[in-house]
Amino acid sequence: TIRPVRRSYYDPSSAPGKGVVWEWENDSGSWTPYDMDVGITIQRAYEKQHPWVDLSAIGFCYVIDFATMGQINRQTQRKRRVRRRLDMVYPLVSGTLPKSQSWPASPGVVATPPVPTCACPQCLLVMSVKATVSATGPGTATLQPRKPLPVPPAAPKAPAPAPGAKAPDGMTMVRGSLKPLAAQGGRRQAASTPALSSASSTASPPGAGSGKASRPGLGTLNRSHLQRLAIAQSRVLIASGVPTVPVKNLTGSSPVNPALAGITGILMSAAGLPVCLTRPPRLVLHPPPVSKSEIQSIPGISHTCRKTTKKQAKKGKTPEEVLKKYLQKVRHPPDEDCTICMERLSAPSGYKGPQPAVKPDLVGKLVKCGHVFHLHCLVAMYNNGNKDGSLQCPTCKTIYGVKTGTQPPGKMEYHIIPHALPGHSDCKTIRIIYNIPPGVQGPEHPNPGKSFTARGFPRHCYLPDSEKGRKVLKLLLVAWDRRLIFAIGTSSTTGESDTVIWNEIHHKTEFGSNLTGHGYPDINYLDNVLAELAAQGITEESLVQEKD
């Protein structure tokens, strides 16, 4: 098999010029780089700080979500991890840019493959498409029948719809060999896989074709040409009144259904029957464009923006003074283990780190939940935490005091837009926009003094503008002020360390669909997020505390 090759040149400001490589995670857990043109497209959107990029414009049915660093298949809804890494920069070419080098050198000279290609209906259809694109380009193709194939006499006839009938919306036509019914005499006329040729070519009468198609070079073939040509072919087939067979259940998250549909298409096309596959729902991450005059402030909530800049002040002079408010001393420890050091409470603490200024054999009980620990272990745990004057029981997660986090500085905007979320058609939508820039980690972060990244910002999130939705927003504002929405750590989707990540309070980042699980409709979401906020110590009582 002889194939053309070529050498390409790229702008120094593009991904290869900067040594940037975009990769996706395959089923074995290893990373596969995207094609160069795809990587350049992704990098261009990433540099413009777009929240996502749709690759359908370059012929791929994927959406890259920079917020989660994931690749979403628009047909199967399967999600894969993606990552961006730095590699060696492509060498620069000085002087005049050389002409594109390819083989064969002359586009008019096309090498003939020494081995004939497969003659199955699928390959014949593909080669017909390639021949048309090479000869005329997209948009000028017409259907011509090829050499007829024998038809089993016992095969039942399928009813032909009226000429000019349109296929239902949301359906994509995929066909192999076709068997249209004869218009006169009630006799069936068989036709093999239709060949696509230019409108100016000489039409062959039915049954007179030789069955051999010319196969020019593949240099001009690309995915977008194939897509446009397939659409034109589908329209012609639909208008010709060919019966269709729908294949359903293609919208699940499992790759099994699409695989079965593909097998069905191959078998039915081999039998000479057309196949009709349903198109999956479309991913809608953002609402329609909204003008500034349509944006409204939220009644009952002052301002439309909050900023965080500094770390919360410490509440207590020493760890011992902080813990004293939440503990009772236990003179006779129970015969059980301390769940921090896993030593018996009747024995001294097993903590081996920097020694706190308390005796290792003292034991205390938390006043709310009643769990018992070594005082030595509790002081060490407090010193290794945020040191904000609060304490969280390591056993039951009960919070003592006001818990704050380590969210880096940023801005939170919130307002009402005049569009409804799926499942909430009776109200408008609250849009929240988080924006956190990259920076340097402070003393409360995992690696003080080291820079951190902030991927996918600004991040857009959505709530229904209902009574419960406004309640959630008010509690989210408290969580923002307490620096609990985000943290710095290792991303669970990309594996990148020292980056801004969500901090266990889920948000809905998908506006008009729910293909990723982060959208609407979701009847339990508001209740779930209220429970997550309560786990961070944020309830309606917190609203009263903030006012005080």
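Everything numeric here is computed off the predicted structure, so don't read it as measured data.

Caption draft 1: Seen up close, unusual backbone geometry. In this chain, F457 is followed by P458 through a cis amide linkage whose omega measures 0 degrees. Tracing the chain through its elements places P458 in the loop between β23 (451–452) and β24 (459–464). Put simply, Y520 and P521 share a cis peptide bond, and its omega is 5 degrees. Note that P521 resides in the loop between β26 (499–502) and α9 (525–535). Notably, M69 is not glycine yet its phi reads approximately 50 degrees, a positive angle.

Caption draft 2: The arrangement of the sheet that holds strand β2 (residues 20–25) in detail. Read from one edge to the other, the open sheet built from 6 strands follows the order β3-β2-β7-β6-β5-β4, with strand pairing classed as antiparallel. The open sheet has two edge strands with one neighbour each: β3 (31–33) and β4 (52–54). Each strand axis lies, on average, 30 degrees off the axis of its neighbour in the sheet, ignoring direction. Pairing of β2 with strand β7 (residues 79–86) involves 5 bridges; the strand directions are antiparallel. Opposite V20, over in β7, you have L86 as the bridge partner. Strand contacts of helix α2 (residues 36–47): β2, β4, β5 (62–65) and β7, with the helix running at about 105 degrees to β2, the strand carrying the most contacts.

Caption draft 3: View of the pattern of salt bridges. Taken as a whole and judged by the stated rule, the model has 19 salt bridges. Residue D498 pairs with K450 through a salt bridge whose shortest N-O separation is 2.9 Å. Taken together, the residues span a long stretch of sequence, with D498 in the loop between β25 (486–489) and β26 and K450 in the loop between β22 (439–440) and β23 at a distance of 48 residues. Overall, the relative accessible area of 41% leaves K450 in the partly exposed class. Here E496 makes a salt bridge to R455, at a shortest N to O gap of 3.0 Å. Here the residue E496 occupies a position in the loop between β25 and β26, and R455 occupies one in the loop between β23 and β24, the gap between them amounting to 41 residues.

Caption draft 4: Representation of the confidence of the model for the protein in the model. Looking at the protein as a whole, the pLDDT averages 75, with 64% of positions reaching at least 70. Considering each helix and strand of the protein separately, the mean pLDDT is smallest for strand β11 (residues 195–198), with a value of 36, and largest for strand β21 (residues 429–435), with 97. Every residue in residues 102–116 scores below 50 in pLDDT, and together they form 12 contacts with partners more than four places removed in sequence or on other chains. Here residues 240–253 is modelled with pLDDT under 50, and outside its nearest four sequence neighbours on either side it reaches 42 contacts, counting other chains as well.

Caption draft 5: Examining the nonpolar core more closely. Grouped together as the largest cluster of nonpolar side chains are 39 residues, with contacts concentrated most on M412, I432, Y434, L463, L473 and L476. Of all the elements in the fold, those that place two or more residues in this core are β20 (410–417), β21, β24, α8 (467–481), β25 and α9. If near-sequence neighbours (up to four positions away) are discounted, Y434 is found in contact with K411, M412, F457, P458, R459, C461, L476, W480, I485, F486, W502 and H507. Counting 20 residues, the second-largest nonpolar core is a separate cluster that includes L375, C377, L391 and C393.

Caption draft 6: Here's a closer look at the packing of aromatic side chains. Under the counting rule described, the total for this entry stands at 11 aromatic pairs. Geometrically, the ring pair formed by Y434 and F486 is edge-to-face, given 5.2 Å between the ring centres and 85 degrees between the ring planes. Remark: F486 occurs in strand β25 and Y434 occurs in strand β21; sequence separation between them is 52 residues. You'll find Y434 and F486 in the same group, each marked buried. Residue placement shows K368 over the ring face of Y400; its charged tip is 5.4 Å from the ring centre. One cation-aromatic arrangement involves K508 over Y520; the distance from NZ or CZ to the ring centre is 6.0 Å.

Caption draft 7: Fine view of the sheet that holds strand β16 (residues 363–366). Strand order in the open sheet made by the 3 strands is β15-β16-β17, with antiparallel pairing throughout. Only two strands of the sheet have a single neighbouring strand rather than two, namely β15 (327–329) and β17 (372–374). Here the strands of the sheet are splayed against their neighbours by 40 degrees on average, with no regard to which way each runs. The sheet strands contacting helix α7 (residues 375–383) are β15, β16 and β17, and the helix crosses β17 at an angle near 80 degrees.

Caption draft 8: Region of interest: α2. Compared with an ideal rise of 1.5 Å per residue, which puts 12 residues at 16 Å, α2 spans 16 Å between its outermost C-alpha atoms and is within 8% of the ideal. When α2 is considered as a whole, its buried residues turn out to be V38, G39, I40, T41, I42, Q43, A45 and Y46. The inward-facing, buried residues of α2 contact α1 (15–18), β2, β4, β5 and β7.

Caption draft 9: Region of the structure containing α9. Every buried residue belonging to α9 is among Y525, L526, V529, L530, E532 and L533, and all of these are buried. Burial along α9 is one-sided: seen end-on, the buried residues are contained in an arc of 160 degrees. Residues of α9 that are buried in the fold lie against β24 and α8. Remark: G537 follows α9 within two positions and exhibits a positive phi of approximately 85 degrees.

Caption draft 10: Region of interest: the environment of E47. Along the chain, E47 falls in helix α2. Among the residues examined, E47 registers a relative accessible area of 38% and is labelled partly exposed. In this structure, E47 is in contact with S13 and K18, ignoring residues within four places of it in sequence.

Caption draft 11: Region of interest: the state of the cysteines. A full pass over the atoms with the stated rule returns 0 disulfides. Summary of cysteine pairing: C338 is not part of a disulfide, and the nearest cysteine sulfur, belonging to C377, is at 3.9 Å. As a non-bridged cysteine, C377 has C341 as the owner of its nearest cysteine sulfur, 3.7 Å distant. The exposure class assigned to C377 is buried, which follows from its relative accessible area of 1%.

Conventions used here
Residues numbered from 1 in each chain as written. Predicted model: local features only at pLDDT ≥ 70, side-chain atom pairs only at ≥ 80, totals over all residues. Heavy atoms only, no water. Helix = DSSP H or I, 4+ residues; strand = E, 2+ residues; numbered from the N terminus. Pairing = 2+ DSSP bridges. Axes fitted to C-alpha atoms, helices over the stretch in contact; angles between N-to-C directions. Contact = heavy atoms within 4.5 Å. Salt bridge = Lys/Arg side-chain N within 4 Å of Asp/Glu carboxyl O. Buried < 20%, exposed > 50% of the residue type's maximum accessible area, 1.4 Å probe, protein only. pLDDT = per-residue confidence, 0-100. Core = buried A, V, L, I, M, F, W, Y, C linked by side-chain atoms within 4.5 Å. Phe/Tyr/Trp six-rings, centres within 6.5 Å; stacked < 30°, edge-to-face > 60°. Lys NZ or Arg CZ within 6 Å of the ring centre and 35° of its normal. Expected span 1.5 Å × (residues − 1). Arc of directions from axis to C-beta. Disulfide = S-S within 2.5 Å.

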